[in-house]
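Structure at a glance
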Amino acid sequence: MSQHCDSHDHAEAFDGMSAGYRRALMWVLALNAGMFAVEMFAGALAGSRALQADALDFLADSFTYGLSFWVLGKPLRWRSYAALVKGGSLLLIGAWVLGTTVWQVFAPHQPQAEVMGVIGLMALAANVASALILLRYRDGDANVRSVWLCSRNDAIGNVAVLGAAGLVLLLGSGWPDLLVAGAMATLFLHSAWLILRQALRELHAGRSAP
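Values in this document were obtained by computation on a predicted structure and should not be read as measured data.

1. As for the overall build of the protein chain
Scanning the protein chain from N- to C-terminus turns up seven helices and zero strands. Each of the 210 residues in the protein chain was classed as buried or not, and the buried ones make up 50%. If you take every contact in the protein chain between residues at least 6 apart in sequence, the share linking residues at least 24 apart comes to 84%. Working note: accessible area of the protein chain is about 9,500 Å², and carbon and sulfur atoms make up 72% of it.

As structure tokens, then:
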């Protein structure tokens, strides 16, 4: 995907200026904000780092969708700045998840697999709905692309959480939960790098434009 998006002429990239895209952002914003609250509470209740990592991904997505909506129609420079903020926030979340996961390695515990499974299914349903809503808008400028990457991260993350829940139940160990949380942190950091790289390139292009 990165190679395909990178080949676009950024002056012609979709900038999100359509009524359909605005409606899509509002729907996925509502879905993600609701699931952040549900999953963060359930993650604390179940003692699951993977659920809490996924909840923070929902929070990052809610912030991303709100900021993306606010900069629609603004000049490329403003949209690039917004993408930089979103990439930076995703970078911080990835670092936090990675740090807390490493810390938990030295104080291992077994999370409640049943809670992980139920909440993971709810989150997966919300993520599939969001991904389907945004599917036609997966390419565009850094602002639009960051929305798609966050949606993609959610879907991948929830499949991983469900897998971790099954392994925790099967093995009677908390290690699958920690491994999934670490993998999700790596995904966050990679997505942040993609967003920041494209945003910086578009910002430079915006400054060079007459």
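2. A few points about the packing of aromatic side chains
By the definition in use, this model includes one aromatic pair. One Lys or Arg, Arg22, reaches over the ring of Phe69 and ends 5.5 Å from the middle of that ring.

3. Section: the packing of helix H2 (residues 19-46) against helix H6 (residues 142-171)
In the contact formed by H2 and H6, the axes pass within 12 Å of each other and the chain directions differ by 40 degrees. As summarised for this structure, H2 and H6 are arranged oblique, according to the angle between their axes. For the pair H2 and H6, the sense of crossing is left-handed. Here Tyr21, Leu25, Asn32 and Glu39 of H2 come into contact with H6, specifically with Val144, Val147, Asp154 and Asn158. Residue composition of the contact of H2 with H6, by class: four nonpolar, two polar and two charged.

4. Observations concerning a nonpolar patch on the surface
A surface patch of nonpolar side chains, about 230 Å² in accessible area, is lined by Val38, Val118 and Met122. Assignment of secondary structure puts Met122 in helix H5 (residues 113-134).

5. Concerning H2
In an α-helix, one full turn covers 3.6 residues, which means residues spaced three or four apart are oriented alike. Spanning 28 residues, H2 covers 40 Å between terminal C-alpha atoms, matching the ideal 40 Å at 1.5 Å per step. Taken together, the buried positions of H2 are occupied by Tyr21, Ala24, Leu25, Val28, Asn32, Met35, Glu39, Ala42, Gly43 and Ala46. The positive-phi residue at the C-terminal boundary of H2 is Gly47, with phi of around 70 degrees.

6. Observations regarding the nonpolar core
Ranked by size, the top nonpolar core spans 29 residues in total, and within it Leu51, Leu90, Ile93, Val97, Met116, Met184 and Phe188 carry the most contacts. If you list the elements that add at least two residues to this core, you get H2, helix H3 (49-71), helix H4 (76-105), H5, H6 and helix H7 (175-208). Ranked by the residues each element gives to this core, the list is headed by H7, at 10 residues. Those residues in contact with Leu51 that sit more than four places away from it in its chain are Glu39, Ala42, Gly43, Ala46, Val115, Met116, Ile119, Val161 and Asp177. Judged by nonpolar contacts, the second largest core, of 11 residues, contains Ala24, Tyr65, Val144 and Val147.

Thresholds applied
Residues numbered from 1 in each chain as written. Predicted model: local features only at pLDDT ≥ 70, side-chain atom pairs only at ≥ 80, totals over all residues. Heavy atoms only, no water. Helix = DSSP H or I, 4+ residues; strand = E, 2+ residues; numbered from the N terminus. Buried < 20%, exposed > 50% of the residue type's maximum accessible area, 1.4 Å probe, protein only. Contact = heavy atoms within 4.5 Å. Areas by Shrake-Rupley, 256 points an atom, 1.4 Å probe, with all protein chains shown as cover. Phe/Tyr/Trp six-rings, centres within 6.5 Å; stacked < 30°, edge-to-face > 60°. Lys NZ or Arg CZ within 6 Å of the ring centre and 35° of its normal. Axes fitted to C-alpha atoms, helices over the stretch in contact; angles between N-to-C directions. Parallel < 35°, antiparallel > 145°, perpendicular 65-115°, else oblique. Left-handed = near helix turned anticlockwise from the far one by under 90°. Nonpolar A, V, L, I, M, F, W, Y, C, P; charged D, E, K, R; others polar. Patch = residues over 30% accessible without salt bridge, like charges linked within 9 Å, V, L, I, M, F, W, Y side chains within 5 Å. Salt bridge = Lys/Arg side-chain N within 4 Å of Asp/Glu carboxyl O. Expected span 1.5 Å × (residues − 1). Core = buried A, V, L, I, M, F, W, Y, C linked by side-chain atoms within 4.5 Å.

Everything listed is a geometric property; what it means functionally is a separate question.
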